[in-house]
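Listed below, chain by chain, are the residues.
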Amino acid sequence: MFRPFTTPIEDIAIIFGHERTRSDGQKRIYSIAGVRISPDAKTSTFTSHIRSDKLRAREYAHSQLSEAQLKKAPDEITASGHLQDFLEGVDHIIGYVPNGHIISLEPLCNNERIIDAALLADYFMPWTGAATAKSLWEYLNKQERKKVSFSAMEGAELCVDLLKHVFGTVLNDTSYPAASTLRYYLRASNTLFGTFCCHMLEHYSDYFGQSLITPASRPETADWEQFLDTVPKQNKETPRREAFTKLPENEIQQLFDQLAHKRKGYSVRQPQVDYATNVAHAINSNAVACIEAGTGTGKTLGYLLPVMEFLKRNPSQRVAIATYTKSLQKQLYGNELNACRELFGQYKDIPVALIKGKSNYVCAHKLNDILSPLLDGIELLAWLYFANICYNYRIADLDDVTPRMRAYFDEGRTLSNIAQEVSAGNGCFSTHKQCPGNIVTAEAAQSRLVITNHNKLVLMENDTLLSGLFTHCIIDEANHFEDAVRTTLSPEVSTSDIFFYCKYLREQCRKLIHATSISEIIEHQAEAVVSEIAYAVTKMNALRDQFKQMNQSAAYGAVPVTPAHAAFTEGDAAKDLTILNKHLKRIHELSAFFTGKKAKDLPLGYKTISRCRTMRTLLQDVCTNLDLIRKGLHEDGTWKSVHVFPRNWLLCGGQVYMGAFIRESIIKHLDTMVLTSATLTHQSSFTPYRRSIGLGKADRVPFADEEAPQKPCFVARIAPPFTPDYSLVVPSDAPSGLYDQKKLWLEYTLKVLPKLIEYNDGATLVLCASYEDLEALRKNLENTYDGNSPLLFQRKGEPATALIEEFRTTRESVLFGVETFWHGVDFPGKTLTQVVITRLPFPAPNSPLMDARKRFLPEAAFWDRYRYETAIKFRQGTGRLIRRETDSGVVVVLDNRLLRNQRLAPCAIIQGMRNIPARHRGKGWKNKP
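Conventions used here
- Residues numbered from 1 in each chain as written.
- Predicted model: local features only at pLDDT ≥ 70, side-chain atom pairs only at ≥ 80, totals over all residues.
- Heavy atoms only, no water.
- Helix = DSSP H or I, 4+ residues; strand = E, 2+ residues; numbered from the N terminus.
- Rg over C-alpha atoms; globule rule 2.2 N^0.38 Å.
- Buried < 20%, exposed > 50% of the residue type's maximum accessible area, 1.4 Å probe, protein only.
- Contact = heavy atoms within 4.5 Å.
- Areas by Shrake-Rupley, 256 points an atom, 1.4 Å probe, with all protein chains shown as cover.
- Lys, Arg positive; Asp, Glu negative; His and termini not counted.
- Charge placed at Lys NZ, Arg CZ, Asp CG, Glu CD.
- Phe/Tyr/Trp six-rings, centres within 6.5 Å; stacked < 30°, edge-to-face > 60°.
- Lys NZ or Arg CZ within 6 Å of the ring centre and 35° of its normal.
- Expected span 1.5 Å × (residues − 1).
- Polar contact = N/O pair within 3.5 Å; in protein donor to acceptor, adjacent residues only side chain to side chain.
- Axes fitted to C-alpha atoms, helices over the stretch in contact; angles between N-to-C directions.
- Parallel < 35°, antiparallel > 145°, perpendicular 65-115°, else oblique.
- Pairing = 2+ DSSP bridges.
- Disulfide = S-S within 2.5 Å.
- 1 Å grid on protein atoms, 1.4 Å probe; cavity = no way out; pocket = protein on both sides within 12 Å on 5 of 7 lines; lining within 4 Å.
- Points joined across faces, edges and corners; volume = space filled by probe spheres on them.
- Salt bridge = Lys/Arg side-chain N within 4 Å of Asp/Glu carboxyl O.
- Left-handed = near helix turned anticlockwise from the far one by under 90°.
- Nonpolar A, V, L, I, M, F, W, Y, C, P; charged D, E, K, R; others polar.
- Core = buried A, V, L, I, M, F, W, Y, C linked by side-chain atoms within 4.5 Å.

A. Quick peek at the overall build of the protein chain. For the protein chain, the count of helices and strands is 33 helices and 24 strands. Against the compact-globule benchmark of 30 Å for 929 residues, the protein chain has a radius of gyration of 30 Å, which places it among compact chains. A total of 929 residues make up the protein chain; the buried ones form 57% of that total. Sequence-distant contacts, at least 24 apart, represent 74% of the contacts inside the protein chain between residues at least 6 apart. Element-wise, carbon and sulfur atoms account for 48% of the exposed surface of the protein chain, whose accessible area totals about 39,800 Å². Distance between charge centres in the protein chain, computed from 112 positive and 103 negative side chains, equals 4 Å.

This is the structure in structure tokens:
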């Protein structure tokens, strides 16, 4: 796909294949279809099943092919022969294998020149997420598809529609002028991928018979910067604390009455009104409020309506709403907010901005520095991918890089290195006027409501444009806020990053050393940089071995750093980190010739010098983080972790207790702070939560500066509008989930899970306490499970969106998930009627943070916090089952420790499966034990 292709392109063929996994682990196509299109828009088709054994449940769900149909089908050799006859004269193919890889098509087609249709979607439309057949169909047809299955021919036709959309709409330079730049660099890449894309753009009407559509109407241009947006002019307002018009709390009800009158299907819920009244009271009294509201309350509208009404009444006031998950940000900005503004016309004039952390955005300045005449092939295509994200910064960002993109473009870390270098998170300055991060920041500074995430909210005060502007804050999903603050403020050092920075500086210094036109001083400095880099690399490799000697488990995951250990120089890890940092600081100092006025005299291009400056800035950030971690090694109240990889290591550290920072650096500088979630309390008490964020127990919050006015603080629990109808059961033979009994627990879980799935006819969410547990279950069940329910497994590093949609669509399916599925996912109705919690979600006692807490906190306080975190996560997990008043079902816990820790449970526990009420049993139970 990335090799040069010079043969003239004539007929194109689109091949779709359903893939199955055989018992020996090999992948094979079992149903295939093709559409062949000639330059005169004539089409021909091909379809065939391929003889196969019985399909797995998920494979059947995607194709709906029966065992009888596959037994009657031709064998693979025969089907392949017919397909190759169909493809005769076609030099390359556009292929798509849902939930698989196009490599399975190569032997059938007898052709290695296959362009992945799903890659076309990921590359040119990164905002669509994982390119599953269902999600692509819904995106192209602008409607929901009620089934996940496609016949092979339906799949091939879907790929044709995708080609029409990509080349007729997405890359149409009439509506998207930057497409003329994309076309230029696609051609310059000298690859089959680029050649094919340019050919389709130039001959679109020939293949699809739509003469009115001319995607390539503008001349190609290498000047990619001309299509970038620019930071709007703005006047930095000086934040002023002014008196404001209070919200009449007794009129909040009227807002919801108006909403019920205008919005079809909406009815007023008293808990939602009570919730909104508490939000209004917090704003009116400039208070800190902790508000817990159960599922079904309608928190989003509950705080959005009083906020919008407050902004309408107070033109000089501003509000920030911060969430933990991107899905809630999108729901807020794209759905609820728009609905509010449509229904309440007086809110339309309130300027609103969505702003993510700067690391989500591509820095156009740094991206331009990378562009060079030497780039071609896969490197140029990778650069162009980020240029397209840069153009589409409002709907796409660096988090949208899919596993498929990494699989194709990250050999030798090509994609990762560019992503790391062009991120606006570091080294992107306010002078970069065409950088998306600066554009959205400027827009946010002119807005009166910003929707953002926890991490960006924490850093907002460090931004010269935004600091002090948004003094009223709503923190949704607030049970995650402390962790988000800790993550944001925790320094991190990755040697893979350092290697990358040093490698580039070393390459340019070597060019200078061999140049004939530089001074002797510069030559000596360049030689010194190369020497220091060699010393730094040697030290980093030595530290890698030292960390492994400290703890062999570091090769399998993050482990606590033991700062006083015989593996280190003089038994002290700080000594080794000091030595490494000394080398890195020397590299930064000695390479100063890349900066200043004299840098322009260097025999290097302007972009090369600019890129060297960026590398020095990034290296300086590393030194700062390394210093912070080193200083914290022997300090009380800090945590340190290291993860050793085959060629590098990752070192992290930070503070254990974030409450003081939250109180003194965030709450103190705000007027209002509303912290809200469905899970803040433990056994009806807010005390553990208040303690975690530094609020104490009193109704006023004092600060370290005694002259600073204390802030009023109150809590409120809003009962949900209905009583959840479900059973929480521990099987009578369930073992303990203790780690030292893992073998027994795993054997039991593998035995009982197929029965639970069968009894409930699927519709099951299986929550695992760790990826290690999930992988153990997956490896066994994928080989042994032979039931009718498709098994969907979360994969580390892969987006969960596609799995969530497949689970919602395939009612009898079973979804296995870890962290992200314990919270923030919504499966109402018959999609989910059973949640299986495989082990109680106790925090890993040997994790770096838990290890530090155990040393830092008094024993009683440590165990109180330990149990609190477990209880909150357990409530979140059980809460996945009941999302609406009509939902019901059963939560099964395969860990008998719950019986000894009943205070963790949000309701009464039933012991033994026989005792589950009939109304909570799935159709397959039939009174079975």
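Read on, since the account is not over.
B. Here's a closer look at the pairing of strand E6 (residues 288-293). Most of E6 is tucked away, with six of its six residues classed as buried. Going residue by residue along E6, you find Val288, Cys290 and Glu292 tucked away on one face and Ala289, Ile291 and Ala293 tucked away on the opposite face as well.

C. How the structure looks around the packing of aromatic side chains. Counting across every chain of the model gives 27 aromatic pairs. Measuring from ring centre to ring centre gives 5.7 Å for Phe547 and Phe568, while their planes differ by 70°; the resulting arrangement is edge-to-face. On the criterion of sequence distance, the pair formed by Phe547 in helix H23 (residues 520-550) and Phe568 in the loop between strand E12 (559-560) and helix H24 (573-590) is long-range, its members being 21 residues apart. The pair Phe547 / Phe568 is uniform in exposure class, with both members buried. Arranged with centres 5.3 Å apart and planes meeting at 70°, the rings of Phe547 and Trp649 form a pair that is edge-to-face. Here Phe547, found in helix H23, pairs with Trp649, found in strand E14 (residues 649-655); they are 102 residues apart in sequence, far enough to count as distant. Look at Trp649 and you get buried, because its relative accessible area is 1%. An aromatic cluster is built from Tyr123, Phe124, Phe193, Tyr385, Phe386 and Phe409, whose rings are joined through pairwise contacts. We note Lys142 situated over the ring of Tyr139; from NZ or CZ to the ring centre the distance is 4.2 Å. One cation-aromatic arrangement involves Arg145 over Phe150; the distance from NZ or CZ to the ring centre is 3.7 Å.

D. Structural view of H24. In this model H24 runs 26 Å from its N-terminal to its C-terminal C-alpha over 18 residues, within 8% of the 26 Å that 1.5 Å per residue would give. Within the span of H24, buried status applies to Ala573, Ala574, Asp576, Leu577, Leu580, Asn581, His583, Leu584, Ile587, His588 and Leu590. Its buried side turned inward, H24 meets helix H22 (495-514), H23, helix H25 (606-632) and E14. At the N-terminal boundary of H24, the capping side chain belongs to Asp572, with an oxygen 3.0 Å from the backbone nitrogen of Ala574.

E. The arrangement of the packing of helix H5 (residues 117-124) against helix H16 (residues 377-391) in detail. For the pair H5 and H16, the least separation of the axes is 9 Å and the interaxial angle reads 50°. Our classification of the angle between H5 and H16 gives oblique. Along its contact with H5, which presents Asp122, Tyr123 and Phe124, the element H16 presents Leu381, Leu384, Tyr385 and Asn388.

F. Representation of the sheet that holds E14. Read across the open sheet, the four strands follow the order E11-E14-E13-E12; overall the sheet is antiparallel. Every other strand in the sheet has two partners, leaving strand E11 (492-494) and E12 as the edge strands with one partner each. Note: strand E13 (residues 638-644) against E14, seven bridges, orientation antiparallel. Bridge pairing links His643 to Leu650 in E14. Each of E12 and E13 touches helix H31 (residues 848-856); the most contacted strand, E13, lies at about 150° to it.

G. Quick peek at the sheet that holds strand E1 (residues 12-21). Spatial strand order, E3-E2-E1-E4-E5: five strands in an open sheet with mixed pairing. The sheet terminates laterally at strand E3 (43-49) and strand E5 (114-116), the two strands that pair on one side only. Pairs of neighbouring strands in the sheet enclose a mean axial angle of 25°, with direction left out of account. When E1 meets strand E2 (residues 27-37), the two strands line up antiparallel, connected through 10 bridges. If you follow Gly17 over to E2, its bridge partner there is Ile32. Here H5 sits on the sheet in contact with strand E4 (93-96) and E5, set at roughly 45° to E5.

H. Seen up close, the state of the cysteines. Under the definition given, this model contains zero disulfides. Distance from the sulfur of Cys363, which forms no disulfide, to the nearest cysteine sulfur (Cys435) is 3.3 Å. Free cysteine: Cys428, not disulfide-bonded; nearest cysteine sulfur from Cys363 at 3.6 Å. We classify Cys428 as buried; its relative accessible area is 10%.

I. Geometry of empty space enclosed by the protein. Considering all chains together, one arrives at two cavities of 30 Å³ or more under this definition. If you add up the space inside the largest cavity, you get close to 150 Å³. In terms of lining residues, the largest cavity is bounded by 16 residues, among which His62, Thr132, Ala133, Lys134 and Val148 are the most central. Breaking the lining of the largest cavity down by element, the ones donating at least two residues are E1, helix H6 (133-141) and helix H30 (801-809).

J. Seen up close, the pattern of salt bridges. Following the criterion strictly, the structure yields 51 salt bridges and no others. Across the pair Lys742 and Glu772 runs a salt bridge whose closest N-O atoms are separated by 3.1 Å. One end of the pair, Lys742, is in helix H28 (residues 742-759); the other, Glu772, is in helix H29 (residues 771-784), with 30 residues separating them in the sequence. The residue Asp773 makes a salt bridge to Lys742 at a minimum N-O spacing of 3.3 Å. One end of the pair, Asp773, is in helix H29; the other, Lys742, is in helix H28, with 31 residues separating them in the sequence. Assigned by exposure class, Asp773 and Lys742 land together as buried. Because the salt bridges share partners, they merge into one network encompassing Glu482, Asp483, Arg486, Arg853, Arg865 and Glu869.

K. Layout of the packing of H22 against H25. At a minimum axis distance of 10 Å, the contact between H22 and H25 shows a crossing angle of 145°. When the axes of H22 and H25 are compared, the crossing they make is left-handed. Mapping the contact onto sequence places Ile498, Phe500, Tyr501, Cys502, Tyr504, Leu505 and Gln508 in H22 and Thr608, Arg611, Cys612, Met615, Arg616, Leu618, Leu619 and Val622 in H25. Taken together, the residues of the contact of H22 with H25 break down into 11 nonpolar, two polar and two charged.

L. Region of the structure containing the environment of Asn648. Inspection of the secondary structure assignment puts Asn648 in the loop between E13 and E14. As a C-alpha pair, Asn648 and Leu543 span 105 residues in sequence and 9.4 Å in three-dimensional space. Apart from the residues within four sequence positions on either side, Asn648 is in contact with Thr495, Ser496, Phe499, Arg544 and His643.

M. Region of interest: the nonpolar core. Formed by 149 residues in total, the largest nonpolar core has its most connected members in Phe167, Phe193, Trp383 and Phe386. Phe193 has contacts with Met1, Phe2, Ile115, Leu119, Leu120, Tyr123, Phe124, Leu186 and Leu381, leaving out every residue within four places of it along the chain. Listed in part, the 70 residues of the second largest apolar core include Val766, Val818, Ala905 and Ile910.

N. Representation of the environment of Thr245. One can find Thr245 in the loop between helix H10 (204-208) and helix H11 (252-262). When its relative accessible area of 42% is taken as the criterion, Thr245 is described as partly exposed. Linking Thr245 and Arg700, residues 455 residues apart in sequence, is a C-alpha distance of 23 Å. Ignoring sequence-local partners within four residues, the contact set of Thr245 consists of Phe310, Arg313 and Asn314.

O. Looking closely at unusual backbone geometry. With a phi close to 60°, Asn99 is a non-glycine residue in the positive phi region. Relative to the helices and strands, Asn99 resides in the loop between E4 and helix H4 (106-109). Even without being a glycine, Ala763 presents a positive backbone phi close to 45°. Looking at the element boundaries, Ala763 is found in the loop between H28 and strand E19 (764-767).

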